[in-house]
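# Geometric and topological summary
Listed below are the residues making up each chain.
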Amino acid sequence: MALAEPRKSAVQPTWVERIPAIWWALLLVLLTMPAWANDFILFQVMGWTFVLGMIALSLMFLAGYGGMVSLIQMSVAAMAGYMVAIFGASGVGDISMGLPWWLYIPIAIVIAAIFGTVVGALAVRTEGIYTIMITLAIASAFFYFTRQNYTIFNGYSGFNLVVPPQLFGVDWRQPMPFYYLTLGCAGLCYGAVVYVSRAPFGLALQGVRDNPRRMAALGFNVTAHRVASYTFASVIASIGGILLVWQNAQIAPGTAGIPAVIDILVIAVIGGITRPIGPFIGALIYVLLRTFSPDVLLAFGLSGERFKLLVGLGFLALVFFSPDGVLGLWERWRARRARRRDPLTGGEE
Amino acid sequence: MQGFIQRNPVWSLLIALVVAVLLWLVFAPWSDELEEVLGRKRVFLNAIFGGITLGALYFLVASGFTLIFGLMRNVNLAHGSLYLLGGYIGFEVSEWSGSWFLAFPVVFVIVAVVGLILQNQVFRRMEGEELRQTMVTIGLSVVIADLMLWRWGGQSYTIYAPDMLFGPMTLPVISSVRDSGEIVYLKYPAVRMAILFAAIVIGVGMWLVLNKTRLGMLIRAGVDDREMLAASGVRIQYVFLAVFAFGAGLAGMAGIVGGTFQSLSPGEDTRFLLASLVVVIVGGMGSIPGAAIGALIIGLSEQLGLVYAPTYSVVFTFLIMAAVLAFRPQGLLGERR
Amino acid sequence: MTETVPAGRLSSVSSGNALELRGVTKMFGALAAISDITLTVRSGERRAVLGSNGAGKTTLFNCVTGDFLPTGGTIRLFGEDVTRFPAYERIRRGLRRTYQISLLFNGLTVADNVYLACRGVSRGRFSFLRPRESDALIARADELIAAVHLQDWRDISVANLSYGQQRQLEIALALAGAPRLILFDEPAAGLSPTERSELIAILQGLPGHIGYIIIEHDMDVALRVAESVTMMHNGTIFKEGTPEEIENDQEVQELYLGDGHA
């Protein structure tokens, strides 16, 4: 079972990959977006897409390359967000320490990564569907704990007024700066996952996914490899989590509630967990649905609150008909196009 | 049992010790020094009984979950939705008919039919694809939750117990001794005792069916080795249908119970799904006695935690789960796969 | 950064025993798959293990590699007690094995498979850096691919290889790093006569310091590549000796060669 697509061998030099034209076009569109899109699109649609995409990307890395469907990623992200609120500044002066940004950001990422690693170490003791059950159970424990604990997590109300630092004289929460910030981070995380997937670590992880017993017989410590992949994924999730708390300007237990945890899985699966770009596609679809479905539903005479129903049904339909997500649909469609090429252009596009 | 004691003498001793201390704490009258350390005995007793009753409720939900998992290797993450659906329907039925007892058979049948449809129309189509089944149940739980929110709204409902079970009953357990020497016995809501009693009856019944009947033999054979059962010519689909329907119906009835001694509102579905998850992780996947022990442990730890360390009661549950995972990943009574 | 196991470790092996089993037993429930196996293989020795199906040969391999922990007995590898070691620790000490049913990474290319095998027994298993073209391990992987005659299939996904090619790739994986003792589990099964002679050539061409144990049903193959033979029957060792002794042994004839093989 190969969840991730087979690519060119890592043994070849992959430094100068030939990047298809469509990627350059996408890059151009993304970079120039602030020039032609309004603030709402930049902040509410694209910002959310990148943030949720990053968290879902960390799930994709574990599920697609490691074969471990972990539902803890949202909690790891929220942990990073909480740490930013606790070590940085927030509206809750009693708890927040107000450290400088160059201190609290690394602290937040390190603590969240440790959290993710510990959960991973527990989860890898079992396999397959057990991983889902166990990570879901731990994620819910995290939710209830943050809701009950007032000394560290400030209980039910959480933290408000958590904003990015004023760096280089820029207010990073303004739509355009925030757009570029999230775009940059998302691009970095995406690049990192693509790169690592062909590095020894990523290759070995895919080996572990396909055949753990054989990997052990090749000298690999399968358990350590799995746990390390949780660490790597947690770093990505925690970057997403920090941006998430800045986007919301607040964090509360509900940020990592069970619906949010499930949403991340839905996003990754809708997009497709076989490729790193999938989670971002899934996030865009999800955010568009969430933002505009009330209007559409109202237009059809239904209550705008039925957004979840729409997402759920869409998810169900996708799992039924295309287990590899929208990307899978797209690839099958392209394969069919390729078989009967366009008579006018002779090309696939 | 004998074998367990022989294999794990240290653990057996520890377990026996804990049980003995708990029994002594429950039945012996507390001295003043003890009350100073642990607080009022009445509080402790209430926590213990509350924990056992909560454990009984958890068992009702989790036993169906673990049975379905054990036989079909299907993690039904819509199990909590079946619980809440059963609760809501039970509320409607008892409001409409005025009979609490009538709600049980009605809910059992309706939710069991929902389970039949799920098994026959959804899971059968993707047999063996564990991950896809799990995803589908997640999707279903999202859809069902939203449909229920649509129909019943965001407020919380409580189902009223019948007069017969209303009010407290006196238990033969000493709550405290007055200065005058008069012994005060513990008073406990009758409906909760009824729930506990029902859970024990159902648990023992399930155990008997599983161990003493032909159907139970088939189910156990299926848990151990599905291929063998399928190859032996048994119409395994019927066994699957029966188990799924029964597990679903049980979850539905648990919804009435939960709606009676707690309340029904959106979000309870995930709460009970998670409780079931934790219970079967602790007790061992696919094991009915495991579900019973897991439910008891989790129920007790939640209630005792709530009384003695309110901030950290969730942490206790979590620590128990983490410890089990760390030392016995297959669960207390689970079989190593 | 990515050098293989230092060559110094090779020279220290030439003396002593590669593998010593003492009273190794593996129970599955109440059933003993192997019982009380005591066996010594010298460094560089080439041994064949024969026996009918269910004689416990593969279970023996699984115990030696650490896929299963034995129920009783001790296993010493190159003089070190490894009875409770996990599989990867034994592999890193110079043990290798192939599987009866090819266990390869079907989603990856031939080169990736061999590269992983080389990586598994060297440092940098957790490296986040992609290998460069000049990487010594890539060169080593290419040598191995050439050694099993798969250079033309280097960038082909393993799923697209023929059965015989997958068997050859299995051997390449076992040769990665600096093996000192290799366990071959029926490497010739399902191969064509040409592929068989190629296999024999590969085995006979192995450097002298590499010992191996081979499970093989084909007596022609087994007796041509082994210096000594162990016969197993019902989970125990039944006979040990040189190929000639075993071939001419009356009991062995009756037990093993009698049923259609002779």
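Residues numbered from 1 in each chain as written. Chains lettered and ligands numbered in written order. Predicted model: local features only at pLDDT ≥ 70, side-chain atom pairs only at ≥ 80, totals over all residues. Heavy atoms only, no water.

Looking at an unreviewed UniProt entry, chain C carries the name ABC transporter ATP-binding protein, with the source organism given as Pseudoponticoccus marisrubri.

The name given to chain A in an unreviewed UniProt entry is ABC transporter ATP-binding protein, with the source organism recorded as Pseudoponticoccus marisrubri. Its UniProt record gives chain A the following Subcellular location (unreviewed entry) comment, quoted word for word: "Cell membrane". (UniProt positions renumbered as here; feature names shortened; annotations may be inferred.)

So, about the side chain of Lys 57 of chain C. Relative to the helices and strands, Lys 57 of chain C is located in helix 2 (residues 57-65). Leave out the neighbours within four places in its chain, and Lys 57 of chain C touches Val 49, Leu 50, Gly 51, Ser 52, Ile 215, His 217 and Met 232 of chain C. (Helix = DSSP H or I, 4+ residues; strand = E, 2+ residues; numbered from the N terminus. Contact = heavy atoms within 4.5 Å.)

Facing 37 residues of chain C, the contacting portion of chain A comprises 36 residues. Together chain C and chain A conceal approximately 3400 Å² of surface at their shared face, both sides included; 62% is due to carbon and sulfur atoms. Counting the surface chain C buries against chain A, the share from its top three residues, Phe 105, Phe 128 and Arg 130 of chain C, is 24%. Linking chain C with chain A are 3 salt bridges, by the criterion used here. Note that Asp 112 of chain C is salt-bridged to Arg 198 of chain A, the shortest N-O span being 2.8 Å. Where chain C touches chain A, the interface holds 6 residue pairs in polar contact (both at pLDDT 80 or more). Of all the secondary structure elements, the ones that give two or more residues to the side of chain C that touches chain A are helix 3 (87-92), helix 4 (110-120) and helix 6 (163-175) of chain C. Among the elements that take part in the side of chain C that touches chain A, helix 4 of chain C stands out by supplying 7 residues, more than any other. (Buried area = accessible area lost by both parts, 1.4 Å probe. Salt bridge = Lys/Arg side-chain N within 4 Å of Asp/Glu carboxyl O. Polar contact = N/O pair within 3.5 Å; in protein donor to acceptor, adjacent residues only side chain to side chain.)

Before going further, it helps to spend a moment on the interface of chain B and chain A. Size of an interface: often given as the accessible area lost when the parts come together. The partner chain A presents 35 residues to the 45 residues of chain B that form the contact. Between chain B and chain A, the buried area comes to about 3700 Å², and carbon and sulfur atoms account for 80% of it. Inspection of the region where chain B meets chain A yields 0 salt bridges. At the boundary of chain B with chain A, the tally comes to 2 residue pairs in polar contact (both at pLDDT 80 or more). Of all the secondary structure elements, the ones that give two or more residues to the side of chain B that touches chain A are helix 4 (41-72), helix 7 (130-152), helix 12 (268-283) and helix 14 (313-327) of chain B. If one sorts the elements of the side of chain B that touches chain A by residue count, helix 7 of chain B sits on top with 15 residues.

Residue and element names in this part refer to chain A. Inspection of the entire model under this criterion finds 21 aromatic pairs over all chains. Pairing Phe 115 with Phe 142 gives two aromatic rings, centres 5.3 Å apart and planes at 35°, and the pair type is tilted. Within this pair, whereas Phe 115 is found in helix 4 (residues 101-123), its partner Phe 142 is found in helix 5 (residues 129-148), the two being separated by 27 residues in sequence. Phe 142 carries the same exposure label as Phe 115, and that label is buried. Taken together through their ring pairs, the aromatic side chains of Tyr 82, Phe 115, Phe 142, Phe 145, Phe 153 and Phe 159 make up a single cluster. Cation over ring: Arg 290 sits above Trp 48, and NZ or CZ is 4.9 Å from the ring centre. (Phe/Tyr/Trp six-rings, centres within 6.5 Å; stacked < 30°, edge-to-face > 60°. Buried < 20%, exposed > 50% of the residue type's maximum accessible area, 1.4 Å probe, protein only. Lys NZ or Arg CZ within 6 Å of the ring centre and 35° of its normal.)

Moving on, we get to helix 5 (residues 136-147) of chain C. Residue pairs three or four apart in sequence face the same way in an α-helix, which turns once every 3.6 residues. Residues and elements named next belong to chain C. Counted at 1.5 Å a residue, the expected span for helix 5 with its 12 residues is 16 Å, and the 16 Å between its end C-alpha atoms agrees. Burial in helix 5 covers these residues: Leu 137, Ile 138, Ala 141, Leu 144 and Ile 145. Mapping the buried residues of helix 5 onto a view down its axis gives an arc of 120°, with all of them on the same face. As for helix 5, its buried residues are in contact with helix 4 and helix 6. Looking one or two residues past helix 5, His 149 carries a phi angle of roughly 60°, positive in sign. (Expected span 1.5 Å × (residues − 1). Arc of directions from axis to C-beta.)

Let us now look at a nonpolar patch on the surface. Residue and element names in this part refer to chain B. A cluster of nonpolar side chains, namely Val 10, Trp 11, Leu 14, Ile 15, Val 19, Leu 23 and Phe 27, defines an oily patch on the protein surface of about 720 Å² accessible area. Mapped onto the elements of the fold, Phe 27 is located in helix 2 (residues 9-27). The exposure class assigned to Phe 27 is partly exposed, which follows from its relative accessible area of 47%. (Patch = residues over 30% accessible without salt bridge, like charges linked within 9 Å, V, L, I, M, F, W, Y side chains within 5 Å. Areas by Shrake-Rupley, 256 points an atom, 1.4 Å probe, with all protein chains shown as cover.)

Moving on: the nonpolar core. Residues Phe 61, Met 133, Leu 136, Phe 159 and Trp 246 of chain A are the most contacted members of the largest nonpolar core, which totals 208 residues. Excluding residues that lie within four positions of it along the chain, Phe 61 of chain A makes contacts with Gly 66, Val 193, Val 196, Phe 201, Leu 205, Ser 229, Phe 232 and Ala 233 of chain A. Core analysis: the next-biggest nonpolar cluster, separate from the first, contains 59 residues, Leu 203 and Val 208 of chain A together with Ala 117 and Ala 174 of chain C among them. (Core = buried A, V, L, I, M, F, W, Y, C linked by side-chain atoms within 4.5 Å.)

Between its first and last C-alpha atoms helix 4 of chain A spans 32 Å; for 23 residues at 1.5 Å apiece the expected length is 33 Å, and the two agree. Within helix 4 of chain A, burial applies to Tyr 104, Ala 108, Ala 112, Ala 113, Phe 115, Gly 116, Thr 117, Val 119, Gly 120, Leu 122 and Ala 123 of chain A.

In this section: the sheet that holds strand 4 (residues 72-77) of chain C. Within a beta sheet, neighbouring strands are joined by backbone hydrogen bonds and run either parallel or antiparallel to one another. Residues and elements named next belong to chain C. The 4 strands are arranged 2-1-4-5 in an open sheet whose pairing can be described as antiparallel. The sheet is open, and its two edges are formed by strand 2 (31-42) and strand 5 (80-81), each paired on a single side. Where strand 4 meets strand 5, 2 bridges bridge the pair, whose relative direction is antiparallel. Its bridge partner lying in strand 5, Leu 77 is registered against Glu 80. The sheet strands contacting helix 2 are strand 1 (17-28), strand 2 and strand 4, and the helix crosses strand 1 at an angle near 115°. (Pairing = 2+ DSSP bridges. Axes fitted to C-alpha atoms, helices over the stretch in contact; angles between N-to-C directions.)

The subject of this paragraph is the packing of helix 3 (residues 73-87) of chain A against helix 9 (residues 222-248) of chain A. Residues and elements named next belong to chain A. Across the interface, helix 3 lies against helix 9 with an axial gap of 7 Å and an inter-helix angle of 55°. Between helix 3 and helix 9, the interaxial angle falls into the category oblique. Every pair of crossing elements has a handedness; the one defined by helix 3 and helix 9 is right-handed. Side by side, helix 3 and helix 9 meet where Gln 73, Met 74, Val 76, Ala 77, Ala 80, Gly 81 and Val 84 of the first sit next to Tyr 230, Ala 233, Ser 234, Ala 237, Ser 238, Gly 241, Ile 242, Leu 244, Val 245 and Trp 246 of the second. (Parallel < 35°, antiparallel > 145°, perpendicular 65-115°, else oblique. Left-handed = near helix turned anticlockwise from the far one by under 90°.)

This part covers the confidence of the model for chain A. Residue and element names in this part refer to chain A. With 90% of its residues at a pLDDT of at least 70, chain A reaches an overall mean of 80. Taken element by element, chain A is modelled with least confidence in helix 13 (residues 325-339), mean pLDDT 76, and with most confidence in helix 9, mean pLDDT 91. Scored below 50 in pLDDT, residues 1-16 makes 41 contacts in the model with residues more than four places away or belonging to other chains. (pLDDT = per-residue confidence, 0-100.)

Pairing between side chains of opposite charge can happen when the charged atoms of each approach one another. Counted according to the given criterion, the structure contains 17 salt bridges over all chains. Between Asp 210 of chain A and Arg 209 of chain A there is a salt bridge, and its shortest N-O distance comes to 3.0 Å. What makes Arg 209 of chain A buried here is its relative accessible area of 10%. Residues Arg 154 of chain C and Asp 155 of chain C are paired through a salt bridge, measuring 3.0 Å at the closest nitrogen-oxygen approach. Accessibility expressed as a relative area gives 39% for Asp 155 of chain C, which makes it partly exposed. Through salt bridges that share partners, Arg 213 of chain A together with Asp 67, Arg 97 and Asp 185 of chain C make up one connected network.

For the rest of this paragraph, the subject is the environment of Thr 255 of chain A. All names here are of chain A. Mapped onto the elements, Thr 255 comes out in the loop between strand 2 (250-251) and helix 10 (258-271). On the accessibility criterion, Thr 255 (14% relative accessible area) is buried. Between the C-alpha atoms of Thr 255 and Leu 244, which are 11 residues apart in sequence, the distance is 9.2 Å. Contacts of Thr 255, omitting those with residues within four sequence positions, involve Met 74, Leu 244 and Ala 260. Among the polar contacts made by the side chain of Thr 255, one reaches the main-chain carbonyl oxygen of Ala 252 at a distance of 2.8 Å.

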